[in-house]
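# Structural characterization, general
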Amino acid sequence: DAKYFFDEGMKTPLASYQQGLRDVTYQKALGSLWDKTVRVAELASAIAERLFAQDIDVDAAQAARAAGLSRCDLLTRMVGEFPELQGVMGRYYASHDGEPAAVAEALDSYYQPRFGGDAIAADRLGQVLAVAERLDTLAGIFAVGMKPGGNKDPFALRRAALGLARTLIEAGMELDLRGSLVEALELVPDSALAAGLKPGKDGKPVALNAGQRRAILVDELYDFVLDRLRGYYAEQGFDNAQFEAVLAVQPGSLADFDRRLRAVVEF
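Right, let's walk through the structure included here. Because the structure is a prediction, the values reported are computed rather than measured.

Parameters at a glance
- Residues numbered from 1 in each chain as written.
- Predicted model: local features only at pLDDT ≥ 70, side-chain atom pairs only at ≥ 80, totals over all residues.
- Heavy atoms only, no water.
- Buried < 20%, exposed > 50% of the residue type's maximum accessible area, 1.4 Å probe, protein only.
- Helix = DSSP H or I, 4+ residues; strand = E, 2+ residues; numbered from the N terminus.
- Arc of directions from axis to C-beta.
- Contact = heavy atoms within 4.5 Å.
- Polar contact = N/O pair within 3.5 Å; in protein donor to acceptor, adjacent residues only side chain to side chain.
- 1 Å grid on protein atoms, 1.4 Å probe; cavity = no way out; pocket = protein on both sides within 12 Å on 5 of 7 lines; lining within 4 Å.
- Points joined across faces, edges and corners; volume = space filled by probe spheres on them.
- Axes fitted to C-alpha atoms, helices over the stretch in contact; angles between N-to-C directions.
- Parallel < 35°, antiparallel > 145°, perpendicular 65-115°, else oblique.
- Left-handed = near helix turned anticlockwise from the far one by under 90°.

What follows deals with helix α10 (residues 177-186). When α10 is considered as a whole, its buried residues turn out to be L177, S180, L181, A184 and L185. Buried residues of α10, seen end-on, are gathered within an arc of 135° and therefore sit on one face of the element. Summarising the contacts, the buried residues of α10 are in contact with α3 (33-53), α8 (124-143), α9 (157-170), α12 (210-234) and α14 (254-266). A side-chain oxygen of the first residue of α10 lies 3.4 Å from the backbone nitrogen of R178; this N-cap is D176.

Our focus in this paragraph is the layout of surface pockets. In this structure, the largest pocket occupies an estimated 600 Å³ of space. Lining the largest pocket are 19 residues, with R71, Q86, Y111, E133 and R159 sitting closest to its centre. Elements with a minimum of two residues in the lining of the largest pocket: α3, α8 and α9. Take the lining of the largest pocket: its biggest share by element is three residues, from α8.

Quick look at the packing of helix α13 (residues 240-247) against α14 now. If you want to describe how two helices pack, look at the angle between their axes and the distance between the axes. Closest axis-to-axis distance for the α13/α14 pair is 9 Å, and the angle between their directions is 130°. Taken together, the axes of α13 and α14 lie oblique to each other. Seen along the crossing, α13 lies across α14 with a hand that is right-handed. In this structure, α13 uses Q242, F243, V246 and L247 to contact α14, whose residues at the interface are F257, R260, L261, V264 and V265.

Another point: the side chain of S32. Considering the arrangement of structural elements, one finds S32 in strand β2 (residues 31-32). In this structure S32 comes out as buried when scored by relative accessible area, which is 8%. Within polar-contact distance, the side chain of S32 engages the backbone nitrogen of W34 at 3.2 Å. Setting aside its immediate chain neighbours within four residues, S32 contacts L21, R22, V24, T25 and Y26.

So, about unusual backbone geometry. Glycine aside, negative phi is the norm for most residues, and most peptide bonds take the trans geometry. Here the residue pair Q112 and P113 is connected by a cis peptide bond, since its omega of -5° sits within 30 degrees of zero. In this fold, P113 is placed in the loop between α7 (101-109) and α8. The backbone of A156 sits at a positive phi, close to 50°, despite the residue not being glycine. Within the element layout of this structure, A156 appears in the loop between α8 and α9. For Q250, which is not a glycine, the phi torsion comes out positive at approximately 50°. Looking at the element boundaries, Q250 is found in the loop between α13 and α14.

Below you can see the structure in the form of structure tokens.
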């Protein structure tokens, strides 16, 4: 069966599945999988351009291309039968279609870290796509008012935040976290921001415009991502006082956060 599905998938270019993504709902207020793909592509391209300006060899056009193909394998029969192969099949099909090797590799690696203890993407394009993907997921789901509470985390946002933070730190990516969150929230539709408004204590809708909502969400998301780092650094032997000392400064990039924390320890 696997060979049959694999061979059938080879007959159809991966990019041809993009049209089908328009018919699959990602989240009611956030649109289809294609809408999400477009947002991720824009973020990935912007991140790549920022890194290129820092003399890091990453191509913005390839970043956008990888983002555009990143969900196509979800519609293949192979992944439909074997969901655990998402990303893996994207890499195989993209390679078969003659996509650049960096693009094909990123379609698989951007899922990393897939689980606790897993490594981040080893390739630069995969790292860019991983960051863009998680930024959009966090911004979108927070915007519609579905942030985690208690043990409930249906969109695995805690894992997404930790994956985002780890990629930024371990890849040494000098990106302004707040600025990146602002960019991600700007791409979220105003209608989704309105859908996430909760009634006040009097039971009436809270009167906030889109700009006010985005400003509040940036702070919430920044704190949410930073809070994921407590356990990350605790596992490495850093104590809470050292962590809080750096947190109080609120460094712009998480790579800078990491350097400051290690400097505090050394001091």
